[in-house]
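# A look at the structure
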Amino acid sequence: MAITNSTEKFCYELGDVYNAEHQIVNALEKLIGQASDPNLKNLLREHLDQTRNQIDRLDQVWTKLGRQPQQVACEGMAGILAEGNKTAAQAQSPALRDGIIGGGADKVEHYEISSYTSLIMGAKLMGQGQIADLLQQNLQEEQWMAQQLEQSAPMLAQKAMTAEGMTPQDVQQTSHTIGS
Ligand SMILES: [Fe+2]
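In this text, all values refer to a predicted model and were calculated from it rather than measured experimentally. (Residues numbered from 1 in each chain as written. Predicted model: local features only at pLDDT ≥ 70, side-chain atom pairs only at ≥ 80, totals over all residues. Heavy atoms only, no water.)

## Some remarks on the overall build of the protein chain
The criterion, for reference: Each helix is a run of H or I in the DSSP string that is no shorter than four residues. Each strand is a run of E no shorter than two, and both are numbered from the N terminus. Only protein chains enter the accessibility calculation, which uses a 1.4 Å probe. A residue is then buried if its area is under 20% of the maximum for its type, exposed if over 50%, and partly exposed in between. For this analysis, residues touch if any pair of their heavy atoms sits within 4.5 Å. Working definition of accessibility: Shrake-Rupley area with a 1.4 Å probe, residue cover restricted to the visible protein chains. Positive charges are assigned to Lys and Arg, negative charges to Asp and Glu, while His and the chain termini are left out of the count. By convention, the charge on Lys lies at NZ, on Arg at CZ, on Asp at CG and on Glu at CD.
Each helix and strand in the protein chain was counted, giving six helices and zero strands. Its helices and strands taken in sequence order, the protein chain reads α-α-α-α-α-α from the N to the C terminus. Projected onto the principal axes, the alpha-carbon positions of the protein chain cover approximately 60 × 30 × 25 Å. Burial analysis of the protein chain (180 residues in total) assigns 42% to the buried set. Counting contacts in the protein chain only where the partners sit at least 6 residues apart, residues at least 24 apart contribute 76% of the total. Accessible area for the protein chain stands at about 9,600 Å²; split by element, carbon and sulfur atoms hold 52% of it. Taking the 13 positively charged and 22 negatively charged side chains of the protein chain as two groups, their mean positions are separated by 3 Å.

## A short note on the pattern of salt bridges
Here is the rule: The rule for a salt bridge is simple: a side-chain nitrogen of Lys or Arg has to be within 4 Å of a carboxyl oxygen of Asp or Glu.
This structure, assessed with the given rule, holds six salt bridges. In this structure, Glu 8 and Arg 67 form a salt bridge, with 3.0 Å as the shortest nitrogen-oxygen distance. Taken together, the positions of Glu 8 in helix H1 (residues 6-34) and Arg 67 in the loop between helix H2 (38-65) and helix H3 (75-90) put the pair 59 residues apart, joining distant regions of the chain. The exposure class of Glu 8 is buried, given its relative accessible area of 16%. Overall, the relative accessible area of 31% leaves Arg 67 in the partly exposed class. The salt bridge partner of Glu 29 is Arg 52, with a shortest N-O separation of 2.7 Å.

## Some words on the side chain of Asp 37
Under the convention used in this document: For the purposes of these results, a polar contact is taken to be a pair of N or O atoms within 3.5 Å, where, inside protein, one atom must be able to donate a hydrogen and its partner to accept one; residues adjacent in sequence count only when each atom of the pair is a side-chain atom.
Tracing the sequence through the fold places Asp 37 in the loop between H1 and H2. Only 2.9 Å separates the side chain of Asp 37 from the backbone nitrogen of Leu 40, close enough to count as a polar contact. Apart from residues no more than four positions distant in its own chain, Asp 37 is found in contact with Asp 98, Met 155, Leu 156 and Lys 159.

## Here's the deal with H2
Note that an α-helix has 3.6 residues per turn; residues three or four places apart therefore point the same way. Here is the rule: Here a helix's expected span is defined as the number of its residues, less one, multiplied by 1.5 Å.
The first and last C-alpha atoms of H2 sit 41 Å apart over 28 residues, in line with the 40 Å expected at 1.5 Å per residue. Structurally, the start of H2 carries an N-cap: the backbone nitrogen of Asn 39 is 3.1 Å from a side-chain oxygen of Asp 37.

## Some details on the coordination of the iron ion
Rule in force here: Counted as donors are the N, O and S atoms within 2.8 Å of the metal, or 3.2 Å for Na, K and Ca, while water is not among the atoms, so some sites may look incomplete.
The protein atoms that coordinate the iron ion are Glu 21 (OE), Glu 21 (OE), Gln 54 (OE1), Glu 112 (OE) and Glu 142 (OE), at distances of 2.0 to 2.4 Å. The sequence pattern describing where the donors of the iron ion fall on their chain is E-x32-Q-x57-E-x29-E. Here the residue Glu 21 occupies a position in helix H1, and Glu 142 occupies one in helix H5 (residues 129-163), the gap between them amounting to 121 residues.

## Considerations on the environment of Gln 54
Turning to its location among the elements, Gln 54 is positioned in helix H2. Spatially, the C-alpha atoms of Gln 54 and Glu 21 are 7.7 Å apart, while their sequence positions differ by 33 residues. Beyond its immediate stretch of four places on either side in the chain, Gln 54 contacts Glu 21, His 47, Glu 112, Asn 138, Glu 141 and Glu 142. Side-chain polar atoms of Gln 54 contact the side chain of Glu 142, separated by 3.4 Å.

## Side note on the packing of aromatic side chains
Note the threshold: Stacked, edge-to-face and tilted are the three classes for Phe, Tyr and Trp ring pairs, Trp counted by its six-membered ring, which pair at centre distances within 6.5 Å; planes under 30 degrees apart are stacked, over 60 edge-to-face, the rest tilted.
All chains considered together, the criterion is met by one aromatic pair. For the pair Tyr 18 and Trp 62, a centre-to-centre distance of 6.1 Å together with 75 degrees between the ring planes defines the contact as edge-to-face. Separated by 44 residues along the polypeptide, Tyr 18 in helix H1 and Trp 62 in helix H2 bring together distant segments of the chain. Here Tyr 18 matches Trp 62 in class, with each residue buried.

Written out as structure tokens, the structure reads:
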């Protein structure tokens, strides 16, 4: 897809995030099976539903643009997911794997937050208010998911440390050190 003007740039970047969302659906289906913490599992399940809805919204965006949906291979998302898979495969305990999955999922969210923020700006500048609204809904779900993952990260880290035999006091002191 040649990028010859601002509309083509917008469509190229839309195709990138459209492809990224499809990659994420496949990844989440596998990660749900690999996660062991019930809260993390539920969070990933909820975001799988959200991601399918996000793809539907992107289909609506393509329709409003009067174009067929087009995927542009998203190397950035492929890289984040490959890195997460590689690291999770090295984990020697379920608790460590959960922490790696949660951290990797947060990186995914931040890639998407950046992509949607840029697309929303582009849509507004083109006077495409309805498209901006659809993209805004996706952005809000990514921000919600990032927030949930970041809130659950200390609990996952503490579970891993406890499983390693650290006393609650050791864990508490470590948390204070990290938080200070
Ligand atoms: Fe998404």
